[in-house]
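Coordinate inspection notes
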Amino acid sequence: MTEIRFGKYNGTGNDFVLIDDLEGRQSLDAALIAAICDRHRGVGADGLIRVAAAPDADFFMDYYNADGRPSQMCGNGIRCLAKLAYERGLTDKRELAVSTRAGLKHVSLHVQGGRVDRVTVDMGAPGLRRRDLPMQGDPDSTFQGESVEVDGRSFKGWAVSMGNPHLVLFVDTDPQAIDVERLGPVLEHDPRFPEGTNVEFVAAADPGLVVRVWERGVGETMVCGTGACASLVAAHLAGLVGARSVVRFPGGLLDIEWRRDEDDRVFMTGGVERSYEGTLDAAWLGARSGPA
């Protein structure tokens, strides 16, 4: 296997390895992706994005969690893709259509001095039916304000899809007091979610919301874009915040707006940074790739 050039980016602390593969030359199996995302022996990241060509969009976001499994959508990752595409000259557009496994997403680039510093993403309408997640039970019913029991604790939970599944749990204390490392894995694999779920622990605070997130297939991360959207939707339905709010994570802030009374779509705005670029060594890659 030949060397692979990559970029390391983060969206409010949620970090990714991005590989430009518009010509479709790269073959990345699950074991190799997990090795690249390994924080001790690889580059280290919450996920990997292969920036690919798309017949019906500007780009395809071929996104994988840190464990090597493909995932439908990543709100912070798509902002990183937009920055890479613009700053590498893959496009001169400031409005992009990006194909994802969760459908077509539209992003708006905020450019200062030739650099993309923020990106607004049209995340689409939230899915509130069990079929949207998916979640066991009547496929046309919702899961809103229901009791969720875990490890002797009881939470009020909302199930929301933002192209990927989320279980939003409201807490009365600072989310920092929650043992996310213990509760997160149990809830991720709750049998009611046959494909697993992301989990948000959310508290209302002035202003907005404070959130910690356990990402499916990754673990606790500094921030989660789809999780921020799901948290805002659930909190608004619960009467805790308005339809637009700041959502605070350990990694920073995201501005989320649910245009519920207009087109039902959720918009997310957040910062994006490039940390560095590098090259994955051919010998290292060969030792970690599966059989051809």
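For the structure, see preceding data.
Before going into details, it helps to say that this report is about the structure given with it.

When helices and strands are tallied, the protein shows five helices and 17 strands. The C-alpha atoms of the protein give 19 Å as radius of gyration, which agrees with the globular expectation for 292 residues (19 Å, within 12%). Summarising its shape, the C-alpha atoms of the protein cover approximately 50 × 40 × 35 Å along the three principal directions. Sorting the 292 residues of the protein into buried and exposed places 54% on the buried side. By sequence separation, contacts in the protein at least 24 residues apart represent 62% of the contacts at least 6 residues apart. Carbon and sulfur atoms provide 45% of the accessible area of the protein, an area that totals close to 12100 Å². Counting 32 positive and 43 negative side-chain charges, the protein places the averaged centre of each group 2 Å from the other.

Turning to the packing of aromatic side chains, a few remarks are in order. Counting across every chain of the model gives four aromatic pairs. Centroid distance F6 to Y276: 6.2 Å. Interplanar angle 80°. Geometry classified as edge-to-face. Here F6, found in strand β1 (residues 4-11), pairs with Y276, found in strand β17 (residues 273-280); they are 270 residues apart in sequence, far enough to count as distant. Residue classification places F6 among the buried positions, given a relative accessible area of 5%.

Calculation rules
Residues numbered from 1 in each chain as written. Predicted model: local features only at pLDDT ≥ 70, side-chain atom pairs only at ≥ 80, totals over all residues. Heavy atoms only, no water. Helix = DSSP H or I, 4+ residues; strand = E, 2+ residues; numbered from the N terminus. Rg over C-alpha atoms; globule rule 2.2 N^0.38 Å. Buried < 20%, exposed > 50% of the residue type's maximum accessible area, 1.4 Å probe, protein only. Contact = heavy atoms within 4.5 Å. Areas by Shrake-Rupley, 256 points an atom, 1.4 Å probe, with all protein chains shown as cover. Lys, Arg positive; Asp, Glu negative; His and termini not counted. Charge placed at Lys NZ, Arg CZ, Asp CG, Glu CD. Phe/Tyr/Trp six-rings, centres within 6.5 Å; stacked < 30°, edge-to-face > 60°.

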